[in-house]
Amino acid sequence: MSTLTQQELVLGLFEAAPATFLSLRQLGKESFYAQGMPALKSEEYKFTPIAKKLESGLTDFSPAKPVKISADQVKSAVFAGFEGVVLVFSNGQYLPELSNSSEGLTVNLLSKTENTPLGSIAKADKDPFTSLNQATFTDGLHLSIDNKNVIESPILLLQFHQAQGGQVISPRIWIEAGDFSKATFIDYQVSLDDAPYFVNKVVEIKGGVHADITYHSLQEESNQVIEVSNVVTDIQQDSQFTSTQITLSGDMVRNNLTLNLLGSNSVGNMYGLYLLHGKSHVDNHTNVDHTIPHAKSNELYKGILADQSRGVFNGKIFVRQIAQKTNAFQQNNNILLSDDAIINTKPQLEIWADDVKCSHGCTVGQLDEEALFYLQARGIDKITARGLLLYAFAGEVLDKIEEDSLRNYIVNQIQKRLGSNF
Amino acid sequence: MLYIKNLHASIEGTPILRGINLEVKAGEVHAIMGPNGSGKSTLASVLAGREEYEVTEGEVIFQGKELLDLSPEDRAREGVFLAFQYPIEIPGVSTTNFLRTALNQVREYRGQEPLDAVKFLSLMKEKMALVEIDQKLLSRSLNEGFSGGEKKRNEIFQMAMLNPVLSILDETDSGLDIDALRIVSNGVNKLKSDTTATIVVTHYQRLLDYIVPDFVHVLYKGRIVKSGTKELALELEEKGYDWIKEEVDSTATV
């Protein structure tokens, strides 16, 4: 067992937090003790030895204090052309003085909100890191969209991270989208320097009937960062949830995305792109639970892996017996640019209903040499040609991002990288 | 313009070209014919710079430069164009987008200013008419879901845009119906000039009714075994390749 599973250390983190949410955190702690850090042979984490990584990478298992953020830092981090609400966080703590809001959106600290059923969507006993977050988070944000409120401009959760000694950041967010509401969230995580830290985030999203929720996540942190993200969403009848997960860097990143389709005619779209180099290790675990008939899920994750990077994709689709007329599609495509890059990809379908349409597929390949030669034969240099082909590959996911400022920003970042050594 | 001297090339250790000699002058059209497996397409690929082929002997001088020393992109920039036998489909890259990148890289190499969007578009419109290709097709992913004829027309359209000195048409007639053949040939003929040259690689004489060659060469077992004028192509059409094979094989055994 790693030293981190020792109760004293987690207890230290637990006791460092203020007395708010005491009973909830107590339950989180017990759940974490019951589960422990995932062992090396743990099925869910077998390709991502995060406990080992935490042991080697962390020097100080204590909570990271918020650091001072200036208005200029916010300004330069916001995407060019972005118009919408900006909510600023420093090491998981909300900074109201740098944030704004809009009509129909209510923003509150979790500690100032009565009766938020934290842990009812992201259940502590489902994942050790969810329970660790529940045991150790200090505060977080409660976002709610009123019924029938359509917020056209996006809501940017700008999360600045910085810790000098590899401390732990435990962001906790609760999002509630009312009936017939619509909103787009962009969760953007930025490192302020190259120092290591461990982010252990939990986001719970509760959608009402006929709600339309989009959740983009962009991870562009330092290559020393260890991160676990748990995003869990419940959606109801006639509603839609769309997520895009873009990961461009990080030391070891694990994203658990869970979507519970709880009402008929609900639609879940899950898109992802990981573009890795160096020694980055990125693991996307998705889980769609079709609990009712007539729901639809679409999933497309793509990866480009260079150098000694490693990707993991595990896509679980669960179709319960009652969930007849389910449509579920899943696709994971990867390009490996070096002999040392590794991808482990696994579709995992459990289908108990008999009248469903489900499909899945995954591909792992190299850059198409024929296509490369074709472009070169027209006068395009090899690096540009390679960039064009890789960009075209990634484009299928990027095209799903409707918010122009975000898409343009990512396109720019990717082209910078593809047009160079990558 | 082009001198090929004693060119030998092999793929994975198997020799395909065994000593090709050919001179192409400006203003000329050369047809390379020959039975399947004779090395016709290999010759086209080696000239364009396909990496799978290893040149084991010989040299190729193109406008005074050692062609074989150049990367595929520099060959294109020097003015060599290969119309592919099987044009590649590239999802996610539109013809327009890719061609603008290509054209501007070629122009940069030649010391010309890049074309802005407006000038590029008007050049495109002009060349589109040449091969009767629709703009909608060009804004789609490159060759994806195109018919055989559309792909070949797109090749000739790209040729028109890049304005090459030496065009190599690799079995451009394969998979074309008679109308597409006419359109493609018209395009090629309109692009011919006193300063450019064309090498037409083909299995059948049919294409040569439209693109009339000045010289016809027959390739067999990696060598040019017979050269003549367009009448040679007609003779081949009539008698097939067997008589040439016999002629060559009997001398070889002596």
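Note that the structure is predicted; figures quoted are calculated from it, not measured. (Residues numbered from 1 in each chain as written. Chains lettered and ligands numbered in written order. Predicted model: local features only at pLDDT ≥ 70, side-chain atom pairs only at ≥ 80, totals over all residues.)

Peer 1: Please clarify how the overall build of chain A should be interpreted in this entry.
Peer 2: Assigned secondary structure in chain A consists of 8 helices and 20 strands. Here the C-alpha atoms of chain A give a radius of gyration of 21 Å, agreeing with the 22 Å that 2.2 N^0.38 yields for 422 residues. When its C-alpha atoms are laid out on the principal axes, chain A stretches across 65 × 50 × 45 Å. A buried classification covers 52% of the 422 residues belonging to chain A. Restricting the contact set of chain A to residue pairs at least 6 apart, pairs at least 24 apart contribute 84%. (Helix = DSSP H or I, 4+ residues; strand = E, 2+ residues; numbered from the N terminus. Rg over C-alpha atoms; globule rule 2.2 N^0.38 Å. Buried ≥ 20, exposed ≤ 12 C-beta atoms within 10 Å, placed from the backbone. Contact = placed C-beta atoms within 7 Å.)

Peer 1: What exactly am I supposed to notice about the sheet that holds strand 12 (residues 240–247) of chain A here?
Peer 2: Each strand in a sheet pairs with its neighbour through backbone hydrogen bonds, running either in the same direction (parallel) or in the opposite one (antiparallel). Residues and elements named next belong to chain A. With mixed pairing, the 10 strands of this open sheet are ordered in space as 2-1-5-8-10-12-14-16-18-20. Each edge of the open sheet carries a strand with a single partner, namely strand 2 (93–94) and strand 20 (357–365). As paired elements, strand 1 (residues 85–90) and strand 2 share 2 bridges and run antiparallel to each other. The residue of strand 2 that forms the bridge with S90 is Q93. (Pairing = 2+ DSSP bridges.)

Peer 1: What exactly am I supposed to notice about the domain arrangement of chain A here?
Peer 2: One widely used convention gives an interface's size as the accessible area the parts lose upon coming together. All names here are of chain A. Taken as a whole, chain A is organised into domain 1 (1–204 + 214–226 + 245–257) and domain 2 (373–422). Using C-alpha coordinates to define each centre, domain 1 is positioned 30 Å away from domain 2. Elements that contribute at least two residues to the side of domain 1 that touches domain 2 include exactly strand 8 (182–191) and strand 10 (212–220). When its residues are assigned to classes, the side of domain 1 that touches domain 2 shows 8 nonpolar, 3 polar and no charged. (Domains from an automatic or database assignment. Nonpolar A, V, L, I, M, F, W, Y, C, P; charged D, E, K, R; others polar.)

Peer 1: Can you help me understand the interface of chain A and chain B in this one?
Peer 2: Residue-level contacts link 19 residues of chain A with 20 residues of chain B. Contributing elements (two or more residues each) for the side of chain A that touches chain B: helix 6 (369–376) and helix 7 (382–398) of chain A. Residue contributions to the side of chain A that touches chain B peak at 8 residues, all from helix 7 of chain A. For the side of chain A that touches chain B, the class distribution of residues is 10 nonpolar, 4 polar and 5 charged.

Peer 1: It is not clear to me how the packing of helix 6 (residues 148–162) of chain B against helix 7 (residues 178–191) of chain B should be interpreted in this structure. Could you clarify?
Peer 2: Relative orientation and spacing of two packed helices are given, respectively, by the angle between their axes and the distance between those axes. All names here are of chain B. Remark: helix 6 packs on helix 7, axes separated minimally by 10 Å, with the N-to-C direction vectors making an angle of 10°. Considered as vectors, helix 6 and helix 7 are oriented roughly parallel to each other. Within the contact between the two elements, helix 6 uses G149, K152, R153, I156, M159 and A160 and helix 7 uses A180, I183, V184, G187, V188 and L191. When grouped by side-chain class, the residues that make up the contact of helix 6 with helix 7 number 8 nonpolar, 2 polar and 2 charged. (Axes fitted to C-alpha atoms, helices over the stretch in contact; angles between N-to-C directions. Parallel < 35°, antiparallel > 145°, perpendicular 65-115°, else oblique.)

Peer 1: Before we go on, may I ask you to explain the environment of I121(A) in this structure?
Peer 2: All names here are of chain A. Take I121: it is sitting in the loop between strand 3 (105–109) and helix 5 (128–136). The partly exposed category is assigned to I121, around which 19 C-beta atoms lie within 10 Å. Distance in space between the C-alpha atoms of I121 and V203 is 9.1 Å, their sequence separation being 82 residues. Apart from residues lying up to four places away in sequence, I121 is in contact with E204, K206, V232 and D234.

Peer 1: Could you clarify how one ought to interpret the packing of helix 3 (residues 95–109) of chain B against helix 6 of chain B in this entry?
Peer 2: Residues and elements named next belong to chain B. It is the contact of helix 3 with helix 6, at a shortest axis distance of 10 Å, that shows an interaxial angle of 30°. Seen along the crossing, helix 3 lies across helix 6 with a hand that is right-handed. Residues T95, L99, A102, L103 and V106 of helix 3 form the contact with helix 6, whose participating residues are N154, Q158, M161 and L162. The class makeup of the residues in the contact of helix 3 with helix 6 is 6 nonpolar, 3 polar and no charged. (Left-handed = near helix turned anticlockwise from the far one by under 90°.)

Peer 1: I tried to follow the sheet that holds strand 3 (residues 29–33) of chain B on my own but got confused; where do I start?
Peer 2: All names here are of chain B. Here we have 6 strands laid out as an open sheet, ordered 6-9-10-3-11-12, and mixed in their pairing. Every other strand in the sheet has two partners, leaving strand 6 (80–83) and strand 12 (223–228) as the edge strands with one partner each. Each strand of the sheet is rotated relative to its neighbour by a mean of 20°, with strand direction disregarded. As paired elements, strand 3 and strand 11 (residues 215–220) share 4 bridges and run parallel to each other. Opposite H30, over in strand 11, you have F215 as the bridge partner. Of the strands in this sheet, strand 6 and strand 9 (166–170) touch helix 6, which is tilted by about 170° from strand 6.

Peer 1: Sorry, what's going on with the nonpolar core here?
Peer 2: Note on soluble globular proteins: their nonpolar side chains tend to be buried together. L87(A), L156(A), L157(A), L158(A), A394(A), L47(B) and I168(B) are the most contacted members of the largest nonpolar core, which has 175 residues in total. Examining the composition of this core, we find that 8 residues originate from one element, helix 7 of chain A, more than from any other. In terms of domain composition, this core takes at least three residues from each of domain 1 (1–204 + 214–226 + 245–257) and domain 2 (373–422) of chain A. Sequence-distant contacts of L157(A), that is, excluding residues within four places in its chain, are made with L87(A), F89(A), F185(A), I186(A), D187(A) and Y188(A). (Core = buried A, V, L, I, M, F, W, Y, C linked by C-beta atoms within 7 Å.)

Peer 1: It is not clear to me how helix 4 (residues 117–131) of chain B should be interpreted in this structure. Could you clarify?
Peer 2: Side chains that are three or four residues apart share a direction in an α-helix, a result of its 3.6 residues per turn. Residues and elements named next belong to chain B. Taking 1.5 Å per residue, 15 residues should reach 21 Å; helix 4 reaches 21 Å between its end C-alpha atoms and fits that length. Here helix 4 has its buried residues at M124, K127 and V131. Burial along helix 4 is one-sided: seen end-on, the buried residues are contained in an arc of 75°. Facing away from the buried surface of helix 4 by more than 90 degrees, the exposed residues are V118, K119, S122, K125, E126 and A129. Where helix 4 is buried, its residues touch helix 6 and helix 7. In the stretch just after helix 4, E132 is the one whose phi turns positive, near 50°. (Expected span 1.5 Å × (residues − 1). Arc of directions from axis to C-beta.)

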